[in-house]
Every structure is written in C-alpha cells, then in structure tokens.
Amino acid sequence: MLTCRSLYLLFVLLALPFAVNAQNMQLDVNASFTFLDAGGNDDFEMGKALSLFFDYDLKNWLALEAGLFLSDKAQDEVRSDIAGTYQASLGTRMLLLGVKPQHKFDGPFEVYGRLGFSYWYTEIEVEEYFGTGIPGGVTSDSDNGFGYYINLGGLHNITKKVSVQLELSYMMQPDVFEGKSSYPFDLSITSIGIGMGYRF
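Definitions and cut-offs
Residues numbered from 1 in each chain as written. Predicted model: local features only at pLDDT ≥ 70, side-chain atom pairs only at ≥ 80, totals over all residues. Heavy atoms only, no water. Helix = DSSP H or I, 4+ residues; strand = E, 2+ residues; numbered from the N terminus. Buried < 20%, exposed > 50% of the residue type's maximum accessible area, 1.4 Å probe, protein only. Contact = heavy atoms within 4.5 Å. Phe/Tyr/Trp six-rings, centres within 6.5 Å; stacked < 30°, edge-to-face > 60°. Lys NZ or Arg CZ within 6 Å of the ring centre and 35° of its normal. 1 Å grid on protein atoms, 1.4 Å probe; cavity = no way out; pocket = protein on both sides within 12 Å on 5 of 7 lines; lining within 4 Å. Points joined across faces, edges and corners; volume = space filled by probe spheres on them. Salt bridge = Lys/Arg side-chain N within 4 Å of Asp/Glu carboxyl O.

**Observations concerning the environment of T122**
Consideration 1: Inspection of the secondary structure puts T122 in strand β7 (residues 109-129).
Consideration 2: Residue class for T122 comes out buried when judged on its relative accessible area of 0%.
Consideration 3: Placed 23 residues apart in sequence, T122 and G145 show a C-alpha to C-alpha distance of 8.9 Å.
Consideration 4: For T122, the contacting residues outside a window of four places in its chain are L90, G91, T92, D141, S142, D143, Q173, F177 and L187.

In structure tokens, the structure reads:
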C-alpha cells in the first residue's frame, strides 16, 4: 500500500521527465471549490482543493500530463443516534496521469480537456459526541485505489507565457473501503476552479 509520502515521491518521479525538457512544457496551478458525493444520504459541505499539472506538448493539439490533487477535509452534517451525535469529514489526495487535448483560437483564447487515470488516497474521520460527562472521541481510517478524471477548461493568454484558467472537473474513486467496511461507496468529486498557467 502506498503511503501519502510515497504518493508525493511518485508524483515527483513522474514530473521529473517533464521538467528536464521544459521547452514544450506548461505548469498549471488551480485553486477550486469541491463538492463531494459518496452516495446514500451524505451531505458534505463545500470544500477546497489545490491542483498542480505539468503538461508536455506531444503535438500542437495534444499534451501528456502528470498532476497532483490535494483537498482539505470536507465535513458532513452532524447526525444523531441513540448513543449521541457524530460528524464525519473526508479528505483526499490524488496522483493524476493522462492526456490534455487542446484547441487554440486565433485570438488569446484556448479551450482544453483533461482525461486520465488517478491513484487516490482518501481518509475519513468521525468525531463522536456522547452525553454529559462522557468523553467523546475521534476515529479515522484511510483507503487507496485507482480511479479516473475528466476535466473541461478554458484559458485566456495574458502574455505568451502566462495565462488565466477556468476549469470544471469530475473525478471518480470507485469502491472506497471495499474489503474494509460492510458499506463501501463510490466517491465522486466535482470541482470548479480558477488558476494560472505558465508556459516554458
């Protein structure tokens, strides 16, 4: 099982070939708002995330990319049972590898997509509150696996090297906690973000 530290190391190893030959490379950094759906009756609050992509142009209309997606822990609503109340929170990190088709218009505008596979590491935390005089507690667990992502975006080139981007993303993590829990689930993450691109 890959740890979170191993995930970062693997991202560096994948991005290194892009950085060595940076002549046809673009670096994209996006901040986004995330909306999590784990099925059932969950109601996670809107979260925040940061994504980083290294794009290497294979052709004028197609790039190869390696990316990293980091989200904060989005909280579910507070729920109650016979023992007390509890609240779950969920955060994820993903290593992304895929392709980026793109179309450049005559002016400063471009449209693009992203499509590829992800390796995800997801952690869930449950904080419990019991009755008066009974201490509560926090339990957590994590899982990892493979998924996919599909993004659609547009950008405006401010200069030949710098651009502003707007991007809509959909990411799927199937069978989270399968084999660890009696209630595995598919986690989908929809996000909308704005960011900057720099072309080397």
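**Side note on the packing of aromatic side chains**
Consideration 1: Per the stated rule, a full pass over the model turns up three aromatic pairs.
Consideration 2: Their ring planes at 50° and their centres at 6.1 Å tell us that F177 and F185 sit as a pair that is tilted.
Consideration 3: Look at F177 and you get buried, because its relative accessible area is 5%.
Consideration 4: Seen in terms of ring centroids, Y198 and F200 are 5.1 Å apart; in terms of plane orientation they differ by 80°. Their pairing is edge-to-face.
Consideration 5: The ring of F53 has R114 sitting right over it, with the charged end atom 3.9 Å from the ring centre.

**Describing empty space enclosed by the protein**
Consideration 1: This structure, assessed with the given rule, holds one cavity of 30 Å³ or more.
Consideration 2: Within this model, the largest cavity holds a volume of roughly 80 Å³.
Consideration 3: Looking at the largest cavity, the residues that line it are N30, S32, S51, F53, F69, N151, E167, S169, M171, S191, I192 and G193.
Consideration 4: When contributions to the lining of the largest cavity are tallied by element, the ones reaching two or more residues are β1 (25-37), β2 (47-59), β9 (162-176) and β10 (185-199).

**Points about the pattern of salt bridges**
Consideration 1: Evaluated as defined, the whole model comprises twelve salt bridges.
Consideration 2: A salt bridge links E125 to K73, with the nearest nitrogen and oxygen atoms 3.4 Å apart. Placement of E125 in strand β7 and of K73 in the loop between β3 (62-71) and β4 (74-75) is noted, with a sequence separation of 52 residues between them.
Consideration 3: Given a relative accessible area of 25%, E125 falls into the partly exposed group.
Consideration 4: The partly exposed category is assigned to K73, whose relative accessible area is 35%.
Consideration 5: Of the charged contacts, one joins D143 and K180 as a salt bridge, the two residues approaching to 3.9 Å between their closest N and O atoms. Separated by 37 residues along the polypeptide, D143 in strand β8 (residues 137-157) and K180 in the loop between β9 and β10 bring together distant segments of the chain.
Consideration 6: Judged by its relative accessible area of 8%, D143 is buried.
Consideration 7: One network of salt bridges, in which partners are shared, links D28, D55, E65, K100, R114 and E167.

Bear in mind that shape data such as this cannot, by itself, settle questions of function.
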